[in-house]
There are 2 protein chains.
Amino acid sequence: MSDGDRPEHSRGGTYTVPGTDYQRDTRYITDRITADARHGWPVEPGRYRLVAARACPWANRSIIVRRLLGLEDAISLGLPGPTHDERSWTFDLDPGGRDPVLGIERLQEAFFARDPEYPRGITVPAVVDVPSGAVVTNDFAQITLDLSTEWTAHHREGAPELYPEHLRDEIDEIAQEVFKDVNNGVYRCGFAGSQEAYDRAYRRLFAALDKLEERLTHRRFLVGDTITEADVRLFTTLVRFDAVYHGHFKCNRNKLSEMPALWAYARDLFQTPGFGDTVDFVQIKQHYYVVHTDINPTRIVPQGPDLSGWVTPHGREALGGRPFGDGTPPGPVRDGERVDPAHTPLR
Amino acid sequence: MSDGDRPEHSRGGTYTVPGTDYQRDTRYITDRITADARHGWPVEPGRYRLVAARACPWANRSIIVRRLLGLEDAISLGLPGPTHDERSWTFDLDPGGRDPVLGIERLQEAFFARDPEYPRGITVPAVVDVPSGAVVTNDFAQITLDLSTEWTAHHREGAPELYPEHLRDEIDEIAQEVFKDVNNGVYRCGFAGSQEAYDRAYRRLFAALDKLEERLTHRRFLVGDTITEADVRLFTTLVRFDAVYHGHFKCNRNKLSEMPALWAYARDLFQTPGFGDTVDFVQIKQHYYVVHTDINPTRIVPQGPDLSGWVTPHGREALGGRPFGDGTPPGPVRDGERVDPAHTPLR
């Protein structure tokens, strides 16, 4: 979602509305793909394509979960480029500027295939029905949960349980707080339409981060002793924090790297197969600094920050925990899905 | 100087020129006030007023040097507010919005008193002849040297030698490098008119900072074993680094606080009477974020960074050195010249 997700009255490059708090449009296409096809969309390997820009934190969640669960053969992956105009995400990185499976140049086309009058933001992640070329859902929060709970028949051997039944209440609760004040909180800072709106968002963001810093000082993961959906959701914001939110969105009380537990936690996840290997820092910076022309009119992309810290030892093993529970880490990233080695500190 | 100092073709709030490297207009009114009055302007206590906005790094130098040398009784101080429009600095913090000594609302008036057709930037610091109300000089680099070398008869007892004869070549050499790649280098990053211009400026800035980090690892001050003009010049950029240059100007390879020697050096100076007690972080942030509307159109001023680190122990005493040489630190800041306690971490 993120940046296609604009208030309807906004125009290309315009994300701030003077005098207002930032309001995320949270109306999505909410169909679900389920094992019992109760919404009309059955789980069916090879039928759907996940369209997810690496730049976008909401889309990054789905890329991580797909890989952790080993759904690469069941659901293919389309990767729009990092920058877009007022008509939103394009497949400008693909040969000929077209998604090789869907054959479209703009993600907009898949939304219009679903509804020719589609009135809202063209957002990623979007799951597209390949035969019809129409978007099934762009409801980012439900997409990852359904990958965990509805696609179980197609999970790889050793796939972790990211949304185990006995922990769902706790995961939902913390995910809700993290969404409100952190995932969306950084956008509320960056797209604030007034000093007062920014000040409020900043206070809420850092109060929430302080609380997470405390929580993660003595436990390795957010919920239970394994990686869950809650960690995926926090990770995609943390990994962008110093690269874009700190400067571009003015989330600058401190860098993530100045919060010892959160920084070690983020590095632990980054170095875990399935997390850091989905992260493209160059695309992330290009996206934010080029697309939001109302807060960065020059479109100049900073060279910093130095990313080498992401691969330094984090020491979190000392807290115990079993990242994959009774499962195993995913194998190497598939051909054609690897992040450009020049865009990541991972070796 | 800084922000009144714009290319002539630029307009209010516009500091970047698309497609270009940032070019500082370095043409000033270069008269000098000397003990022998050879430029027509004699050293004369009570005759001149130093107009120096706390926000501006070039003006901050002159505020520091005046205080280190104890020239408060000889030269009075006018303090424009942090923000300004296309007509430049105003006395909006003074009662009635007028400088109490010069009686003017805008610094521009003192430049026009000197030359009704004055065509260049209205910059601080400016030294104004009180009887005529006309600017004598705004040549910031010469102003501080002349305070050190021409006003000696009026220095306080125990004033340090900031520009000692036997060290002038070394001070000039390092000050020139620091000016080019650091003092002005941060502006070249922030006001770059193209990605390429920014990339060049960023590389030069951090190469210069790395060199300074190395130099200051084993010596307490830049030149000799006491504070000199060279330290004053580096300090005013370093003290603004994390607060404005890191985010607003995209000087973001790392924060100053991530370079151990430079950060300890900057804290050492900050905690030395005459340096940190001239620094108003709130005015600094307001100035940069409100005035440069072409790079921060929302004019929202970040709440960060956390400033508490500035008053932490720096450990630089272990390197030896005698900050004031055979002299002594200045006494408390004068009434009416103190930085608002809410604008500084100093207690």
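The structure presented is a predicted model; accordingly, all values stated were derived computationally and were not measured.

Asks: Talk me through the overall build of chain A; I want residue IDs and the actual numbers.
Replies: Looking only at helices and strands, one finds nine helices and six strands in chain A. A compact globule built from 347 residues should have a C-alpha radius of gyration of about 20 Å, and chain A, at 19 Å, falls within 12% of that. Here the C-alpha coordinates of chain A stretch approximately 50 × 50 × 40 Å along the principal axes. For chain A, buried positions account for 62% of its 347 residues. Long-range contacts, defined as pairs at least 24 residues apart, comprise 71% of the intrachain contacts of chain A with a sequence gap of at least 6. If you sum the accessible surface of chain A, you get close to 13,000 Å²; carbon and sulfur atoms cover 49% of it. Of the charged side chains in chain A, 41 are positive and 52 negative; the average position of the first set lies 3 Å away from that of the second.

Asks: Outline the pairing of strand β3 (residues 48–51) of chain B, supporting the account with residue identities and numerical values.
Replies: Residues and elements named next belong to chain B. Here β3 shows a buried face lined by Tyr48 and Leu50 and a second buried face lined by Arg49 and Val51. Summarising the sheet, β3 and strand β5 (residues 126–129) pair through four bridges and their orientation is antiparallel. By the bridge assignment, Leu50 is partnered in β5 with Val127. Alignment of β3 against strand β4 (residues 76–78), held across three bridges, turns out to be parallel. Bridging from a neighbouring strand, Leu50 pairs with Leu77 of β4.

Asks: Run through the relation of the copies chain A and chain B, naming residues and quoting values.
Replies: Between the two copies, chain A and chain B, the superposition gives an RMSD of 0.0 Å; the rotation angle is 180° and the shift along the axis is 0.0 Å. Taken together, the rotation and translation describe the operation of a two-fold axis. When C-alpha distances to the rotation axis are compared across chain A, the minimum falls at Gly247 of chain A, with a value of 2.3 Å. Counting the interface residues of chain A, we find that 100% of their copies in chain B are interface residues as well, pointing to one common contact surface.

Asks: I'd like a rundown of the interface of chain A and chain B, residues and numbers included.
Replies: One widely used convention gives an interface's size as the accessible area the parts lose upon coming together. Facing 30 residues of chain A, the contacting portion of chain B comprises 30 residues. Considering only the surface of chain A that becomes buried against chain B, Lys250, Ile300 and Gln303 of chain A emerge as the three largest contributors, covering 27% of it. Residue Lys255 of chain A pairs with Glu258 of chain B through a salt bridge whose shortest N-O separation is 2.7 Å. Applying the counting rule to chain A against chain B returns 18 residue pairs in polar contact (both at pLDDT 80 or more). The element contributing the most residues to the side of chain A that touches chain B is helix α6 (residues 195–215) of chain A, with five residues. For the side of chain A that touches chain B, the class distribution of residues is ten nonpolar, eleven polar and nine charged.

Asks: So what about the packing of helix α1 (residues 57–69) of chain B against helix α7 (residues 229–248) of chain B? Which residues, and what values?
Replies: Residue and element names in this part refer to chain B. One can describe the packing of α1 onto α7 by two numbers: an axis separation of 9 Å at closest approach and a directional angle of 130°. Looking at the two axes, α1 sits oblique to α7. In the crossing of α1 with α7, the sense of the turn from one axis to the other is right-handed. Across the interface between the two elements, Pro57, Asn60, Arg61, Ile64, Val65 and Leu68 of α1 pack against Glu229, Val232, Arg233, Phe235, Thr236, Arg240 and Tyr245 of α7. Grouping the amino acids of the contact of α1 with α7 by side-chain chemistry returns seven nonpolar, two polar and four charged.

Asks: Please provide a residue-by-residue account of helix α7 (residues 229–248) of chain A, values included.
Replies: All names here are of chain A. Compared with the 28 Å implied by 1.5 Å per residue over 20 residues, the 27 Å span of α7 between its first and last C-alpha is a close match. The principal kink in α7, of about 80°, is found at Phe241. Within α7, 19 of the 20 residues are buried, which leaves the element mostly enclosed by the surrounding structure. With its phi angle positive at about 60°, Lys250 sits one or two positions after the end of α7.

Asks: How would you summarise the pairing of strand β6 (residues 134–137) of chain A if you had to cite specific residues and measurements?
Replies: Bridge count for strand β5 (residues 126–129) of chain A against β6 of chain A is three bridges, and the pairing is antiparallel. Residue pairing across strands places Asp129 of chain A opposite Ala134 of chain A, the latter belonging to β6 of chain A.

Asks: Outline helix α6 (residues 195–215) of chain B, listing residues and values.
Replies: All names here are of chain B. With 21 residues, α6 ought to run about 30 Å at 1.5 Å a step, and its terminal C-alpha atoms sit 30 Å apart, in line with that. Those residues of α6 lying buried are Ala197, Tyr198, Asp199, Ala201, Tyr202, Leu205, Phe206, Ala208, Leu209, Leu212 and Glu213. Its buried side turned inward, α6 meets α4 (168–183), α5 (185–190), α7 and α8 (260–270).

Asks: How would you explain the side chain of Arg32 of chain B if you had to name every residue and give the values?
Replies: Residue and element names in this part refer to chain B. In this structure, Arg32 sits in the segment before β1 (33–34). Of note is the side chain of Arg32, whose polar atom sits 2.8 Å from the side chain of Asp146. Setting aside anything within four residues of it in sequence, one finds Arg32 in contact with Arg38, His39, Trp41, Gln142, Asp146 and Glu150.

Asks: Quick rundown of the sheet that holds β5 of chain B? Include the residues and the values.
Replies: Residues and elements named next belong to chain B. Ordered in space as β4-β3-β5-β6, the four strands form an open sheet in which the pairing is mixed. Unpaired on one side and paired on the other, β4 and β6 (134–137) mark the two borders of the sheet. When the angles between neighbouring strand axes are averaged without regard to direction, this sheet yields 40°.

Asks: Any details on the domain arrangement of chain A? Residues and values, ideally.
Replies: Residue and element names in this part refer to chain A. Each domain of chain A was delimited in the assignment, giving domain 1 (9–154) and domain 2 (167–343). The straight-line distance from the C-alpha centre of domain 1 to that of domain 2 is 21 Å. Between domain 1 and domain 2, the residue contacts involve 38 residues of the former and 47 residues of the latter. Of the roughly 3,700 Å² buried between domain 1 and domain 2 on both sides combined, carbon and sulfur atoms contribute 55%. Considering only the side of domain 1, the residues that lose the most area to domain 2 are Tyr22, Arg54 and Arg67, jointly responsible for 21% of the buried surface there. As a salt-bridge pair, Glu337 and Arg66 come within 2.8 Å of each other at their nearest N and O atoms.

Asks: Explain the pattern of salt bridges residue by residue, including any values.
Replies: Taken as a whole, this structure holds 54 salt bridges over all chains when the rule is applied. One salt bridge connects Arg338 of chain A with Asp335 of chain A, and the closest N-O pair in it is separated by 2.8 Å. Of the residues examined, Asp335 of chain A reaches a relative accessible area of 63% and is grouped as exposed. Notably, a salt bridge pairs Arg49 of chain B with Asp99 of chain B, separated by 2.9 Å at the nearest N-O pair.

Asks: I'd like a description of the confidence of the model for chain A, backed by residues and values.
Replies: Residue and element names in this part refer to chain A. Of the residues in chain A, 97% have a pLDDT of 70 or more, and the chain-wide mean is 95. Confidence drops under pLDDT 50 across residues 1–11; counting only partners more than four residues distant or on other chains, this segment forms 46 contacts. Here the predicted complex scores 0.95 on pTM and 0.93 on ipTM.

Asks: An account of the packing of α7 of chain A against helix α9 (residues 281–291) of chain A is needed here, citing residue identities and associated values.
Replies: Residue and element names in this part refer to chain A. The N-to-C vectors of α7 and α9 enclose an angle of 25°; their axes lie 10 Å apart at closest approach. Judged on the interaxial angle alone, α9 and α7 are roughly parallel. Crossing of α7 against α9: the hand is right-handed. Here Val239, Arg240, Ala243, Val244, Tyr245, Gly247 and His248 of α7 come into contact with α9, specifically with Phe281, Ile284, Lys285, Tyr288 and Tyr289. Its residues assigned to classes, the contact of α7 with α9 comprises eight nonpolar, two polar and two charged.

About the thresholds
- Residues numbered from 1 in each chain as written.
- Chains lettered and ligands numbered in written order.
- Predicted model: local features only at pLDDT ≥ 70, side-chain atom pairs only at ≥ 80, totals over all residues.
- Heavy atoms only, no water.
- Helix = DSSP H or I, 4+ residues; strand = E, 2+ residues; numbered from the N terminus.
- Rg over C-alpha atoms; globule rule 2.2 N^0.38 Å.
- Buried < 20%, exposed > 50% of the residue type's maximum accessible area, 1.4 Å probe, protein only.
- Contact = heavy atoms within 4.5 Å.
- Areas by Shrake-Rupley, 256 points an atom, 1.4 Å probe, with all protein chains shown as cover.
- Lys, Arg positive; Asp, Glu negative; His and termini not counted.
- Charge placed at Lys NZ, Arg CZ, Asp CG, Glu CD.
- Pairing = 2+ DSSP bridges.
- Least-squares fit on C-alpha atoms with pLDDT ≥ 70 in both.
- Buried area = accessible area lost by both parts, 1.4 Å probe.
- Salt bridge = Lys/Arg side-chain N within 4 Å of Asp/Glu carboxyl O.
- Polar contact = N/O pair within 3.5 Å; in protein donor to acceptor, adjacent residues only side chain to side chain.
- Nonpolar A, V, L, I, M, F, W, Y, C, P; charged D, E, K, R; others polar.
- Axes fitted to C-alpha atoms, helices over the stretch in contact; angles between N-to-C directions.
- Parallel < 35°, antiparallel > 145°, perpendicular 65-115°, else oblique.
- Left-handed = near helix turned anticlockwise from the far one by under 90°.
- Expected span 1.5 Å × (residues − 1).
- Bend = angle between axes of the 7 residues up to and from the residue.
- Domains from an automatic or database assignment.
- pLDDT = per-residue confidence, 0-100.

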